[in-house]
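Coordinates in review
Each chain is listed here by its residues.
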Amino acid sequence: MSQNATVRKGFLGSRLRLRERMRDRDQAIYGILLIAVLLFPMASMFATGGSTAYISQAAHAGTWVLLAIGLNVVVGFAGLLDLGYAAFFAIGAYTYAFFASTQLGSTPLQHSYHLPFFVMMFLGLIIAAAAGATLGFPTLRLRGDYLAIVTLGFGEIVPQLSYNLPQWTGGINAIGGIDQPWLPAWITGPWAGANSISVLQNSTCRNPLDQSHFIPCFSFAFDPVAFYVLIVFLIIVAVILVTNLYRSRLGRAWMAIREDEVAAAAMGINTVTTKLLAFAIGASFSGFAGAYYGAIFDLVSPDDFLFVVSITVLVMIVLGGMGNIPGVIVGALVIYFVLNTLLPSLASTAESLANTLGMGFLVAQNGDWPGIYAEVQRMQFLIFGLILVLIILLRPQGLFPSRIREQELKHSAVQTEASAVEEGARA
Amino acid sequence: MSVIDFFFYLIGAAAIFLLLVFEVIPYPSQFAQITVFGLADGAMYALVALGYTMVYGIIELINFAHGDVFTLGAYIGAAILGLFAYDRNSFATVNLIALIIVFPLVMLIMGGINVTIERVAYRPLRNAPRLAPLITAIGMSFVLEGIMFLWHGPASVQFPDILPHGPGFSATVGGVFVTFKDGFVVVTAIILVILLAIFINRTKLGKAMRATAQDRDAAQLMGIDINRTIAATFFIGALLAGAGGLIWGLYFNNLFYNLGFRTGLIAFTSAVFGGIGNIPGAALGGVLIGLISAYSDSYIGSKWTEVVIFGILIGVLVFRPTGLLGMRVPEK
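My aim in this report is to walk through the structure given alongside it, one point at a time. (Residues numbered from 1 in each chain as written. Chains lettered and ligands numbered in written order. Predicted model: local features only at pLDDT ≥ 70, side-chain atom pairs only at ≥ 80, totals over all residues. Heavy atoms only, no water.)

Focus: the overall build of chain B
The number of helices and strands found in chain B is 12 helices and four strands. At 20 Å, chain B has a C-alpha radius of gyration in line with the 20 Å of a compact globule built from 332 residues. Overall, the C-alpha framework of chain B stretches about 60 × 55 × 40 Å when taken along its three principal axes. Taking all 332 residues of chain B together, 55% fall into the buried category. Taking the contacts inside chain B whose residues are at least 6 apart along the sequence as the reference set, 77% of them involve residues at least 24 apart. Carbon and sulfur atoms make up 69% of the accessible area of chain B, which totals about 13900 Å². Distance between charge centres in chain B, computed from 17 positive and 16 negative side chains, equals 9 Å. (Helix = DSSP H or I, 4+ residues; strand = E, 2+ residues; numbered from the N terminus. Rg over C-alpha atoms; globule rule 2.2 N^0.38 Å. Buried < 20%, exposed > 50% of the residue type's maximum accessible area, 1.4 Å probe, protein only. Contact = heavy atoms within 4.5 Å. Areas by Shrake-Rupley, 256 points an atom, 1.4 Å probe, with all protein chains shown as cover. Lys, Arg positive; Asp, Glu negative; His and termini not counted. Charge placed at Lys NZ, Arg CZ, Asp CG, Glu CD.)

So, in structure tokens, the structure goes:
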């Protein structure tokens, strides 16, 4: 055995070293993220004197991380370009909103359900997965660009439908007053003595099987720390599931389809089932992220599920490194930070910069010039577009590329030349 | 004829039948009115669709930014026309001069902008996997929309109404109210499409474009400069889109920064409907989609028009991806 290992050491050894390196970098990222996630609430509450604003933002960022992990399954693993991912997010959110609020009471159905969050999460997951499979089924024969356009069309149709059917979805008025997640009182834990979460006896938590009776429960009641803990738990579960998928036969089948579908089919992979599973599983992440979003945001409006959401998630995974799970998480956090903290603060930064540099005349409104604050605020869309273009031009493989992708993008030019030289030498 | 083709034509025939029975025969003049509007709309979509189809045919890229080139052309046209002291109420000579100056000017400016975009954003990624230029195109779309947002904000922009309008310039032909603007739009679009057809079929550069679209490597072997040809394709596409933007502005007199996104998707649907990469297909698809959207607006309700259009897009791509007249893209 060692003899064989020595003989093939060159090839096998380099592969092992490659795997070790890959493991090391990814494990390092996971380790850093885990420590940061555990320390973040305490650090932020310490730094801001007890305010939970940053924790609430982090919980929102967590939703995007879940979305990015899900889209990574479709685009990164299976190579199926999906530009309408926000549609599944919408489906998950609306499913939760329908079954956990008074919404269905005002529809022709006349009866509202109040199912608990943890049940609805699974229901949202299943319904979104079904929607994903439904979208995937007619698109099986399509090549990359056409698939992108079909998913884009689907992503446009879903919010349009929800605008157009106001009796069911509240239309432009959105669905509000959505139930908060709750835990039954007999599951006690660290939250039992917390200030904001106490046992609620009446009129909040309905028995899922007998909707007219209430049970004592702990309700999240808009507590940011509770939502933060929940989303971290969900992300950890998601990462474990996706990593297992990646290392399974299905994951390898996805990668085979991504690289060369014909060869994959020749190797006996059932491309139909594999693609449908990619769509369904990717959509299911979006589904339960949507349920979480409905719970934390308390308002489900079609304006939150437009094309720009799909593109933002795509940018997150492209920046992070497509196909690489820790990279995608980092990419999601970076883009969320840029979009929600950096870009909005550019305006006030520009204003104070103008003042300190002695160009105070730019600050005031002057005829057509709306003042540098408003001007920079208007530029956010433009800056987002520029970021997108620059990322692709300068580092298309993303921050933490999976090794295969890095080879594809950085060395594609070299490879074509090299193979041309080889052809010439052989001939 | 295969089963799927048959199904496709069956749906089309059923739609036409329903339309005829319920709307055309009871109210023919209303139908003709909507048809006129649909043709005008369709002419504009056709102009934009030609740009999409040419670019896809030659480098297999869906140029998401093309719809925004269309809108930017309209914005720039509005700005240039604002410099003229035109007469709003009658068709004075200064209006005519302004029109004659602004058309080629805006077309050339948009051509230059599109060539720059291609050089900066698409050419470095010509050998990259498909996802990269697609995302760059989306990014450039956002950049252009951002520029327009920065320029005029989210409010709608008034485009000067310098075409003759009013009682002297319309006619009622058989119960249908046709205005000068309708005729202008359709005639201008037809002229531009004919010029494009002549260019593609009779000139050397047009032949180079067709050759590059068919087989890029063989074209290179024949001595065709690919970079120049692709740049020329983008240039001509933008000429048409700029003209389309001006026509849109002259017809509707109302623009907003987001117009390109929706119009772009509808124009791309037209290009796909007619057969992607196929130039007469794009023109035909544009007109058909214009008609369909006009009928949908009136008979089904305008809030469902987008759903109908995207439904058509998905249906065509799934059941008949080659489109009506067949696809002309490089064969692998």
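Quick notes on the nonpolar core
Membership of the largest hydrophobic core comes to 208 residues, with the highest contact counts inside it found for A:Ile311 and A:Leu314. Beyond its immediate stretch of four places on either side in the chain, A:Leu314 contacts A:Leu71, A:Val75, A:Leu81, A:Leu83 and B:Ile135. Grouped together as the second largest cluster of nonpolar side chains are six residues, B:Phe31, B:Ile34, B:Ala294 and B:Tyr295 included. (Core = buried A, V, L, I, M, F, W, Y, C linked by side-chain atoms within 4.5 Å.)

Let's talk about the environment of B:Leu50
Residue and element names in this part refer to chain B. In this structure, Leu-50 sits in helix α2 (residues 28–59). For Leu-50, a relative accessible area of 0% corresponds to the buried category. Separated by 190 residues in sequence, Leu-50 and Leu-240 place their C-alpha atoms 7.6 Å apart. Leaving out residues up to four positions away in the same chain, Leu-50 has contacts with Val-193, Leu-196, Leu-240, Ile-279, Ala-282 and Ala-283.

Some points on the pattern of salt bridges
All chains considered together, the criterion is met by four salt bridges over all chains. Put simply, A:Lys275 and A:Glu261 hold a salt bridge, and the shortest N to O gap is 3.0 Å. In this pair, A:Lys275 sits in helix α11 (residues 271–297) while A:Glu261 sits in helix α10 (residues 261–266), placing the two residues 14 residues apart along the sequence. For A:Glu261, a relative accessible area of 33% gives the class partly exposed. A salt bridge links B:Glu306 to B:Arg262, with the shortest nitrogen-to-oxygen separation between them at 2.7 Å. With a gap of 44 residues between them, B:Glu306 in helix α12 (residues 305–319) and B:Arg262 in helix α10 (residues 259–274) connect regions that are remote in the sequence. What makes B:Arg262 partly exposed here is its relative accessible area of 39%. (Salt bridge = Lys/Arg side-chain N within 4 Å of Asp/Glu carboxyl O.)

Some thoughts on unusual backbone geometry
As a rule of thumb, non-glycine residues mostly have phi less than zero, and peptide bonds are mostly trans rather than cis. Here the phi dihedral of A:Asp298 falls at roughly 65°; this positive angle occurs in a residue that is not glycine. Relative to the helices and strands, A:Asp298 is located in the loop between α11 and β5 (299–300). Although it is not a glycine, B:Glu60 sits at a positive phi angle of roughly 55°. Its location among the elements puts B:Glu60 in the loop between α2 and α3 (66–81).

Topic: the side chain of B:Asn114
When you line up the elements, B:Asn114 lands in helix α4 (residues 93–122). The buried category is assigned to B:Asn114, whose relative accessible area is 1%.

Section: α2(B)
Residues and elements named next belong to chain B. The first and last C-alpha atoms of α2 sit 44 Å apart over 32 residues, in line with the 46 Å expected at 1.5 Å per residue. Counting buried positions along α2 yields 25 of 32 residues, so the element is predominantly enclosed. Phi for Glu-60, located one or two positions after α2, is positive at around 55°. (Expected span 1.5 Å × (residues − 1).)

A short note on the packing of aromatic side chains
Residues and elements named next belong to chain B. Under the criterion given, the structure shown has 34 aromatic pairs over all chains. Aromatic side chains Phe-31 and Tyr-295 sit 5.2 Å apart centroid to centroid with 15° between the ring planes, which places their arrangement in the stacked category. Taken together, the positions of Phe-31 in helix α2 and Tyr-295 in helix α11 (residues 279–300) put the pair 264 residues apart, joining distant regions of the chain. Tyr-295 carries the same exposure label as Phe-31, and that label is buried. Geometrically, the ring pair formed by Phe-70 and Trp-248 is edge-to-face, given 5.7 Å between the ring centres and 85° between the ring planes. Of the two residues, Phe-70 is situated in helix α3 and Trp-248 in helix α9 (residues 226–252); the sequence distance between them amounts to 178 residues. For Phe-70, a relative accessible area of 1% gives the class buried. (Phe/Tyr/Trp six-rings, centres within 6.5 Å; stacked < 30°, edge-to-face > 60°.)

Side note on the interface of chain B and chain A
Contact with chain B, which involves 48 residues of that partner, is made by 41 residues of chain A. In total, chain B and chain A occlude about 4000 Å² of area from one another, counting both sides; carbon and sulfur atoms represent 77% of this. Sorting the residues of chain B by area buried against chain A places B:Ile135, B:Phe142 and B:Leu150 first, and these three jointly supply 17% of that buried surface. The interface formed by chain B and chain A holds zero salt bridges in total. At the junction of chain B and chain A, the tally comes to two residue pairs in polar contact (both at pLDDT 80 or more). Of all elements in the fold, only α4, α5 (131–152), α10 and α12 of chain B reach the threshold of two or more residues within the side of chain B that touches chain A. For the side of chain B that touches chain A, the element with the most residues is α5(B), which contributes 17 residues. A breakdown of the residues in the side of chain B that touches chain A according to their chemical character gives 36 nonpolar, seven polar and five charged. (Buried area = accessible area lost by both parts, 1.4 Å probe. Polar contact = N/O pair within 3.5 Å; in protein donor to acceptor, adjacent residues only side chain to side chain. Nonpolar A, V, L, I, M, F, W, Y, C, P; charged D, E, K, R; others polar.)

With respect to the packing of α3(B) against α5(B)
Residue and element names in this part refer to chain B. α5 packs onto α3 with a crossing angle of 25° between their chain directions and a minimal axis gap of 9 Å. Overall, the two elements α3 and α5 adopt an arrangement that is roughly parallel. Along this stretch, α3 crosses α5, giving a crossing that reads as left-handed. The residues of α5 that touch α3, namely those facing Asp-68, Val-69, Thr-71, Leu-72, Tyr-75, Ile-76 and Ala-79, are Ser-141, Leu-144, Glu-145, Met-148, Trp-151 and His-152. (Axes fitted to C-alpha atoms, helices over the stretch in contact; angles between N-to-C directions. Parallel < 35°, antiparallel > 145°, perpendicular 65-115°, else oblique. Left-handed = near helix turned anticlockwise from the far one by under 90°.)

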